[in-house]
Each structure stands twice: as C-alpha cells, then as structure tokens.
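Below, each chain spelled out in residue letters.
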Amino acid sequence: MNVLGIEGTAWNLSISVVNENEVIVAVSDPYTPKEGGIHPREASQHHAEKMPSLLKAIFDRFPKENIDAVAFSQGPGLGPCLRVVGTAARLLSLKLKKPLIGVNHCLAHVEVGRWKTNAKNPVTLYVSGGNSQIIARRGNRYRVFGETLDIGIGNAIDKLARYFGLSHPGGPKIEKLAEDGQKYYPLPYVVKGMDFSFSGMVTAAQRLKGKARLEDIAFSFQETAFAMLTEVTERALAYLGYDEVLLVGGVGVNKRLQVMLRVMCEDRGAKLYTPPAELMGDNGAMIAYTGLLMLKHGYITPLEESFVKPNFRIEEVEIRW
Ligand code: AMP
Ligand code: MG
C-alpha cells in the first residue's frame, strides 16, 4: 500500500509517499518569514504557491496510478494553512479517485516516531513550535498528561531569539549560543501540577539583555525550560509505570534536551528513543504513514467531514491499532 501525505499546518509544506516499510519519496518547501515570526496568511500563500510544484516533484518520481490514498494534516494548526492543505488533498483524492484521510498532526508525530524507533508503548514528549505535550496511550486513546498553559517551547525559543535579533527559526541559534554559556541566571520555573508555562520565562530572559552575555541567557533559558519538560516527563513515566520515552517535534533535535532526558531515563531504568532528525520536525512522511495506519484500520474521511480542525486534539482520535 502506498499513501501520499501532505503536511502544512504551519511553516513547512511537505509531501511524501510511504509504504509499510519505508519513506519512498519526500519533498519539502519551508516558509521562512522575511522578518518576525510566522505570519499565518503569508505562510498559507506560500503553501498555495508551492503546492503545484511540490506535487509535480512527487509525481515525477512516483507514478500517480500507484497511490492508494491521500492523507492530509487536518489539524491542529494555523487555519489559513490548513485550508490550503485540505483543498489540495480533496482535489487530489477526487482526481485520483482514491480515499481521503484526515490525520491529526500530533498523532502523526507520535506514530512516525514509533515506526522509526520501534518504541512500543512510550511516554511521548512532543515539543514543537506551537505545541508542547506529554502524551501516552491508555486503552484505545492517546491521552495528554501534561501540556503548556500558554505558548509552545519552540515559539518561546523563537521569541527569545527574535529579541536578540536572530532570524527565524531561533532554535538552532539559541542552542549554539547556549553551548558557550558559563553562568546560570535563575528564571521562573513554572510547573503547575502536570502542566507548564513558558511566556513568563521569555519575558524574564528578555530583561537580562544588556545585563548578561547572550550565551549565558540562552544557556539559562535552555536549562530552565528543558528541566521543566524533563520533570513532567519523569512524573508521567513514574505514574504510568512505563519504561520508554519517545522524543518528537522540531525542538527534539536539541542535543541538550536529549542529554537531560537520557540522564533521567537512565536513572529510572527507562530508554529514550529519538527518531531521525528529518522526521522530528513537521514533515509529510508522518502524515502519509499515519494515513496508511488509519486506512489499514478502516478509517476514511468522507468529503463532508474533511473540514479543517485548527484545535483538533489527539484524544479525539480512537486508536484501532
Ligand atoms: P515543528 O513545529 O515540530 O516543526 O518544530 C519547529 C520548532 O523547532 C521551531 O520553533 C524551531 O525553532 C525549533 N527548533 C528547531 N531546531 C531546534 C534546536 N536545535 N533546538 C531547539 N529548538 C529547535
Ligand atoms: Mg508539529
């Protein structure tokens, strides 16, 4: 079975075809803002402009006739971007006369991670631009055990980077700066029950500008934010009695975050799983693969239910596998 998947919830327009065993083709055309952060309308215009050439690039390398279904990220994400992706997917499904499958973007991060690492039943730390959640399966649903109360960790890092005059995306630049950090400045450590919050930390870190080295601010920011995420992941692990942690989302490539989680896992006799970097951030293969899983288990999205869901939650999807 070959499934085509389209991802475009935010910055990355990415299309891929996968089968049960491998990613067959994958092409991406990321949107990078000229200045500031991601602008939803500009991002959606970018996706609309690039969609035809990306689809052509796929069909130049993989015959249309061999596609068995069209999957697309139905949400959560930026409304204007989701509408472009949904429209393209509906058209393609009608044209190819193949079923349409609306995929939950967070579920896709988890499933591609399990696929590529062989983690069986992990506690997943999903850390991306817009989302930050601790997810684990209970029965036939994935449940969110903890999440951000305001902005995603990626957005928090990007905001801090912007304040320093660094271009989007800020994650890799803050990571690089933090490597040369020497002095730790305390920042608000906000964990409430199993949830956490980053916006106060961003403001506090911004106020250090001019008083501390950028390297030390970046270092202090990463140490504080990643300790919060590691603490809550550990608590979920202890509560559930699981022994696997899966790290997914664009922030997951951060080496310092990986080290903190690995140390915590080793202390508890658990194992940390990290998918290959190209499948950590938003990508079309994760949508295609999750679409394939859904198709195999009888899910098809009728046209009248294929509307975009900007606030789509992972708990809403019944897991039949
Ligand atoms: P996603 O939405 O899952 O594609 O993730 C995008 C987010 O990942 C952006 O906010 C990036 O700044 C962030 N990111 C990318 N690379 C790194 C890194 N090395 N360290 C921290 N954050 C990163
Ligand atoms: Mg994502």
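Now for a quick tour of the structure. For clarity, every value in this text was computed on a predicted model and none was experimentally measured.

## Comments concerning the layout of surface pockets
In this approach a probe as big as a water molecule rolls over the atoms, and the regions it shows empty are the leftover space.
Turning to step 1, where the next piece is worked out: Put simply, the largest pocket is a space of about 1,100 Å³.
Turning to step 2, where the next piece is worked out: Looking at the largest pocket, it is lined by 49 residues, and the ones nearest its centre are Ser 128, Gly 129, Gly 130, Asn 131 and Asn 155.
Turning to step 3, where the next piece is worked out: Listing elements by their share of the lining of the largest pocket, those giving two or more residues are α3 (105-117), β7 (132-138), β8 (141-147), α4 (153-163) and α5 (171-179).
Turning to step 4, where the next piece is worked out: Examining the composition of the lining of the largest pocket, we find that 6 residues originate from one element, α4, more than from any other.
Turning to step 5, where the next piece is worked out: Split by residue class, the lining of the largest pocket holds 20 nonpolar, 20 polar and 9 charged.
Turning to step 6, where the next piece is worked out: Volume-wise, the second largest pocket comes out at about 270 Å³.
Turning to step 7, where the next piece is worked out: Taken together, 16 residues form the lining of the second largest pocket, with Gly 102, Met 294, Tyr 299, Thr 301 and Lys 309 sitting closest to its centre.
Turning to step 8, where the next piece is worked out: Among the residues making up the lining of the second largest pocket, the classes are represented as 8 nonpolar, 3 polar and 5 charged.

## Here's the deal with the environment of Lys 183
Turning to step 1, where the next piece is worked out: With respect to the helices, strands and loops of the structure, Lys 183 is situated in the loop between α5 and β9 (191-192).
Turning to step 2, where the next piece is worked out: Overall, Lys 183 belongs to the partly exposed group, its relative accessible area being 44%.
Turning to step 3, where the next piece is worked out: The contacts of Lys 183, once residues within four sequence positions are left out, are Asp 216, Phe 219 and Ser 220.

## Observations regarding the environment of Phe 219
Turning to step 1, where the next piece is worked out: Note on placement: Phe 219 falls in helix α7 (residues 214-240).
Turning to step 2, where the next piece is worked out: Considered as a pair, Phe 219 and Glu 147 are 72 residues apart in the sequence and their alpha carbons are 23 Å apart.
Turning to step 3, where the next piece is worked out: Once residues lying within four places of it in the same chain are set aside, the contact partners of Phe 219 are Ala 178, Gly 181, Lys 183 and Tyr 184.

The rules behind the values
Residues numbered from 1 in each chain as written. Chains lettered and ligands numbered in written order. Predicted model: local features only at pLDDT ≥ 70, side-chain atom pairs only at ≥ 80, totals over all residues. Heavy atoms only, no water. 1 Å grid on protein atoms, 1.4 Å probe; cavity = no way out; pocket = protein on both sides within 12 Å on 5 of 7 lines; lining within 4 Å. Points joined across faces, edges and corners; volume = space filled by probe spheres on them. Helix = DSSP H or I, 4+ residues; strand = E, 2+ residues; numbered from the N terminus. Nonpolar A, V, L, I, M, F, W, Y, C, P; charged D, E, K, R; others polar. Buried < 20%, exposed > 50% of the residue type's maximum accessible area, 1.4 Å probe, protein only. Contact = heavy atoms within 4.5 Å.

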